[in-house]
Amino acid sequence: MKVIPVIQLDGVGIRRSDRNVPLIEDVHWTVMACDWWELTGAHGAGKSALLLALAGLVPTTGGTLTAFGEPVILGAPKPSGWIPRMGLVFEGGGRLLRDLRVAENIALPLGYHHNCSLPEAVDRVWPWLEALDLERLADAPAGRVGRVWAQRIALARALSLGPEILLLDNPTAGMDPAHSTWWQGFLVQLHKGHPLLQGRPMTLIETTDAPRAGMQPPPRQAHLENGRLLLLQPRTEPA
Amino acid sequence: MLQAGRDLQLLMETLGLRALSILDTTRRLAAFTLITMGVLATRAGTAHRVIHPLVRNQLVQAGILLLPIVALVGMALGFAIVGQTLSILTQVGQTSLIGSLFVTVIFRELAPLGAALVVLARVGTPTVVELGTSRALGEVEALEALGIDPVHYLVVPRVVGITLAVVLLTVYIQLFAALSGWVFCFAANLPVGAGDYLGRIAGALHWFDFPALVLKTLAFGACGSMIACYQGLSRPLRLEEVPGATTRTVAHSVVAFLLLDALFLVITLLLPG
């Protein structure tokens, strides 16, 4: 049986939004289920743009981009009952909805896609709040939560629908070691299979300024340089 | 002579560019309206347990919370127009005209316009700020990433809530204007009884006043809310651009209200009777 890649890019490019010149060109990249990729590159290399393009939020030029075998098209209408299979955690505070409380932010996707009221949805996502140590912030207005915790809330929100792929845009940028360690431990759990996802291993694609050290096995690396995506050989960590 | 020609050319170019800009804005606004109407029609039952509370919230914000100010507007209209005009009509023995005057000036014109302007000032402009800030902070992309249609979640509840609020507030203005008009007559000891006063207003109303009022207020509400949502969401805004979008909303909405008012006036004049 042929295994379909969860994400495949063939000759895809992305233009700069401000100057309409190429930012990234001719990307060939295949992401298989249960992969963990780290996407590195200098500031402004296009890491975030490529990640957002995978989520269908940034237009691509040329080539083909598919997710789960289906083409990813910016602004394409979604059929009724469609539920995203991809979660996305934005950089720098996760872009929470400021007029909702923390628990409501996490519950909103579930409430919207399963047509249940926000209080009901909050009850259903409560295990995620517990798993991410967010219970004490549940009733806080999302706009007043610090950036580090907002990032964690955005992670809970992205996980609330039980996605198969998680895209993370530099999730630990500017975090202290304690929070960075928590993130690393939690992402490892997700990758291996979190109990709240019935132990199903998750595919992770993460942009980062500095590759994580000391992980066994280490995540696969893709590096953006001069508008090209270089797929690096798996590195070996010292025992 | 040459300078005058250049000035004229410059003026024509400026006017031409302005006209093109107005046409472009109108085209974009029409497209935004069509998209919203499409979402409203195709997603009527989708996530209603999330969307309906948002509509109710808008009705509270644009309707119930504005009742005091709308009552004040209605009473001011009643005192200023009905009361004073009735006082003059009494002097010339033409109090029978009060019904026609109330229906023509307040029922058909000032009440819908007053309600729309109050809602624009108190809810329309904050809507632009809310949506513009949401857009500037990337919350719209966050909704898209979660598979939530931003038009369905952000625009539809506001358009429905504000539109219904304008319809209801118009009725409140009419009621308060009628009431305060009679209170003025009573206080000024004018020879018009309550029954006579209400009877003359009722007698001046035509059957088409009711559907026309509903259509007009729906049009005002939809137009104002759509312009506010369009200015807030239509293009990526930087935070410093939000105040400018708010100003544009007020200017465009007022022009739209006046054009709609003129349209309904023409329709009313063309109707028989």
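Below is a short write-up of the structure. Quick caveat: nothing in here was measured; it's all calculated off a predicted structure.

Thoughts on unusual backbone geometry
- The phi dihedral of A:Asp26 falls on the positive side, at around 50°, and the residue is not glycine.
- Within the fold, A:Asp26 resides in strand 2 (residues 22–31).
- With a relative accessible area of 41%, A:Asp26 lands in the partly exposed category.
- A positive phi angle, near 50°, is found at B:Ala47, a position not held by glycine.
- Looking at the secondary structure, you find B:Ala47 in the loop between helix 1 (2–42) and helix 2 (48–62).

What about the pairing of strand 8 (residues 203–207) of chain A?
All names here are of chain A.
- With five of five residues buried, strand 8 lies mostly within the body of the structure.
- Side chains Thr203, Ile205 and Thr207 project from strand 8 onto one buried face, and the interleaved Leu204 and Glu206 project onto a second face that is buried too.
- Pairing geometry for strand 3 (residues 36–41) and strand 8, over four bridges, is parallel. Across the sheet, Trp37 pairs through a bridge with Ile205, a residue of strand 8.

Overview of helix 3 (residues 118–131) of chain A
Residue and element names in this part refer to chain A.
- With 14 residues, helix 3 extends 20 Å from end C-alpha to end C-alpha; this agrees with the ideal 20 Å at 1.5 Å per step.
- The largest bend along helix 3 reaches roughly 50° and is located at Val125, with the proline Pro127 sitting one to four residues downstream.
- If you check which residues of helix 3 are buried, you get Leu118, Ala121, Val122, Val125, Trp128 and Leu129.
- Each element contacted by the buried residues of helix 3 is listed here: helix 2 (102–114), helix 4 (147–159) and helix 5 (177–192).

Structural notes on the interface of chain A and chain B
- Taken together, the contacts link 23 residues of chain A with 24 residues of chain B.
- Between chain A and chain B, roughly 2000 Å² of surface is buried when both sides are summed, and carbon and sulfur atoms account for 59% of that area.
- Contact with chain B buries surface across chain A, with A:Arg98, A:Tyr112 and A:Asn115 losing the most and accounting together for 36% of the total.
- Where chain A meets chain B, there are three salt bridges.
- For B:Glu141, the salt bridge identified is with A:Arg95, shortest N-O distance 3.9 Å.
- The tally of links between chain A and chain B comes to seven residue pairs in polar contact (both at pLDDT 80 or more).
- Residue assignment for the side of chain A that touches chain B shows that the elements contributing at least two residues are strand 6 (86–89) and helix 2 of chain A.
- When residues in the side of chain A that touches chain B are grouped by element, the largest group, five residues, is from helix 2 of chain A.
- The residue makeup of the side of chain A that touches chain B, split by class, is 14 nonpolar, four polar and five charged.

What counts, and at which threshold
- Residues numbered from 1 in each chain as written.
- Chains lettered and ligands numbered in written order.
- Predicted model: local features only at pLDDT ≥ 70, side-chain atom pairs only at ≥ 80, totals over all residues.
- Heavy atoms only, no water.
- Helix = DSSP H or I, 4+ residues; strand = E, 2+ residues; numbered from the N terminus.
- Buried < 20%, exposed > 50% of the residue type's maximum accessible area, 1.4 Å probe, protein only.
- Pairing = 2+ DSSP bridges.
- Expected span 1.5 Å × (residues − 1).
- Bend = angle between axes of the 7 residues up to and from the residue.
- Contact = heavy atoms within 4.5 Å.
- Buried area = accessible area lost by both parts, 1.4 Å probe.
- Salt bridge = Lys/Arg side-chain N within 4 Å of Asp/Glu carboxyl O.
- Polar contact = N/O pair within 3.5 Å; in protein donor to acceptor, adjacent residues only side chain to side chain.
- Nonpolar A, V, L, I, M, F, W, Y, C, P; charged D, E, K, R; others polar.

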